[in-house]
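A look at the structure
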Amino acid sequence: MFEYFDVIRSILNEVEASEGPALDRAAREIADRIASGKVLHFFAAGHSYMLGEELFYRAGGLAPVNVLFDPALMPHNGATKSSRLERLHGYSDVILDDAGLGKGDVMIVASTSGVNPVPVEMAQGARARGVFVIGLTSVAGSRATPLRGPGGQRLCDVADVVLDTHVPCGDAAVEVPGLDQRIAPVSTVIGASILNEVVVRVVRNLLDRGIAPPVFRSSNLPGGAEHNTELIDTYRARIRRF
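Read on for an overview of the structure.

Focus: the packing of aromatic side chains
- A complete count under the given rule lists eight aromatic pairs for this structure.
- A ring pair is formed by Phe-56 and Phe-69, whose centres lie 6.3 Å apart and whose planes are at 85°; its orientation type is edge-to-face. Of this pair, Phe-56 sits in the loop between helix 3 (50-55) and strand 2 (65-67) while Phe-69 sits in the loop between strand 2 and helix 4 (79-86), and the two are 13 residues apart along the sequence. Assigned by exposure class, Phe-56 and Phe-69 land together as buried.
- Put simply, the rings of Tyr-49, Phe-56, Tyr-57, Phe-69, Phe-216 and Phe-242 pair up and form one aromatic cluster.

So this is what it looks like as structure tokens:
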């Protein structure tokens, strides 16, 4: 029995059946920015920040990716503290003010529940600065999750385009007889799969325009380290963590 594998396959089938147009739109917007010399920004808090690790400085991945890592929002730097901070109104402004985003940029904001103030306000604040925002979230799961206080909004309602993960409310997805709760969260596997599909479509889009895609190679392959150094030098001014 491969229950978790079966659940993952089922959710990916849902994504494949319904998210094609949104994936194409997201890839086109990202390719437009890369073609003009800009970079893709990414933000997430909690466990969703791992999706930024998937995009950043990865062999076979896009080089122009600027991830807005905030250590205070990462579980390994204080699990309960990170949860409290993600629900703190106004905290995203501190990150945005230091992010160096500009009009015409593009950003992915990821949040499975899509209701915590920091990712939602990050999307709103970025859009107010003229940034095109792609929301990576579970629409049905978010709709089933209560908003955080009066006046709260959901990421799926404030992003320019939404990549729906189809992750169930609560994230955990496997039911085990004798246990009154589901186990085995799926948002990381599904989210990483969606983001890598976006990368594939961005690369194809750039090739269709006659543009060489800025993609990292494995440094373990001949010439890989030298190739990657050239890409890092190209984007170092826009990506602080290089």
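Additional details are given in the paragraphs that follow.
Some words on the sheet that holds strand 1 (residues 40-44)
- As summarised here, the arrangement of the five strands in space is 2-1-3-4-5, forming an open sheet in which the pairing is parallel. Edge positions in the sheet fall to strand 2 and strand 5 (161-164), since each has one partner strand and no second. With direction set aside, neighbouring strand axes in the sheet form an average angle of 20°.
- In the sheet, strand 3 (residues 106-110) pairs with strand 4 (residues 132-137) via five bridges, with the strands oriented parallel. Across the sheet, Val-106 pairs through a bridge with Phe-132, a residue of strand 4.
- In the packing of helix 6 (residues 117-128) onto the sheet, the strands contacted are strand 1, strand 3 and strand 4, and the crossing angle to strand 3 comes to about 165°.

Remarks on the environment of Pro-214
- Here Pro-214 is to be found in the loop between helix 9 (187-208) and helix 10 (224-235).
- Residues within four places of Pro-214 in sequence aside, it is in contact with Ile-34, Gly-61, Leu-62, Ala-63, Pro-64, Leu-206, Leu-231 and Tyr-235.

Topic: the packing of helix 2 (residues 20-35) against helix 9
- For the pair helix 2 and helix 9, the least separation of the axes is 8 Å and the interaxial angle reads 55°. Here helix 2 lies oblique to helix 9, going by the angle between them. The crossing of helix 2 and helix 9 is right-handed. Here helix 2 contributes Gly-20, Leu-23, Asp-24, Ala-27, Arg-28, Ile-30, Ala-31, Ile-34 and Ala-35 to the contact with helix 9, which in turn contributes Ile-194, Glu-197, Val-198, Arg-201, Val-202, Asn-205 and Leu-206.

Brief notes about the nonpolar core
- If you look at the biggest cluster of nonpolar residues, it comprises 53 residues, and the most contacted ones within it are Ile-30, Phe-42, Ile-134, Leu-163 and Val-202.
- Looking at this core element by element, the count peaks at nine residues for helix 9.
- In this structure, Val-202 is in contact with Ala-27, Ile-30, Ala-31, Ile-34 and Leu-62, ignoring residues within four places of it in sequence.
- By size, the runner-up hydrophobic cluster in this structure holds 25 residues, among which are Ala-72, Leu-85, Val-131 and Val-162.

Some details on the side chain of His-41
- With respect to the helices, strands and loops of the structure, His-41 is situated in strand 1.
- Assessed through its relative accessible area of 1%, His-41 is described here as buried.
- Among the polar contacts made by the side chain of His-41, one reaches the side chain of Asp-105 at a distance of 3.3 Å.
- When sequence neighbours within four positions are dropped, the list of residues in contact with His-41 reads Asn-66, Leu-101, Asp-105, Val-106, Met-107, Ile-108 and Arg-238.

Remarks on the packing of helix 1 (residues 3-18) against helix 9
- Remark: helix 1 packs on helix 9, axes separated minimally by 10 Å, with the N-to-C direction vectors making an angle of 40°. As the angle between them shows, helix 1 and helix 9 are arranged oblique. Judged by the twist between their axes, the crossing of helix 1 over helix 9 is right-handed. For the pair formed by helix 1 and helix 9, the contact residues are Tyr-4, Ile-8, Ile-11, Leu-12 and Val-15 on the first element and Val-189, Ile-190, Ser-193 and Ile-194 on the second.
- Its residues assigned to classes, the contact of helix 1 with helix 9 shows eight nonpolar, one polar and no charged.

Parameters at a glance
Residues numbered from 1 in each chain as written. Predicted model: local features only at pLDDT ≥ 70, side-chain atom pairs only at ≥ 80, totals over all residues. Heavy atoms only, no water. Phe/Tyr/Trp six-rings, centres within 6.5 Å; stacked < 30°, edge-to-face > 60°. Helix = DSSP H or I, 4+ residues; strand = E, 2+ residues; numbered from the N terminus. Buried < 20%, exposed > 50% of the residue type's maximum accessible area, 1.4 Å probe, protein only. Pairing = 2+ DSSP bridges. Axes fitted to C-alpha atoms, helices over the stretch in contact; angles between N-to-C directions. Contact = heavy atoms within 4.5 Å. Parallel < 35°, antiparallel > 145°, perpendicular 65-115°, else oblique. Left-handed = near helix turned anticlockwise from the far one by under 90°. Core = buried A, V, L, I, M, F, W, Y, C linked by side-chain atoms within 4.5 Å. Polar contact = N/O pair within 3.5 Å; in protein donor to acceptor, adjacent residues only side chain to side chain. Nonpolar A, V, L, I, M, F, W, Y, C, P; charged D, E, K, R; others polar.

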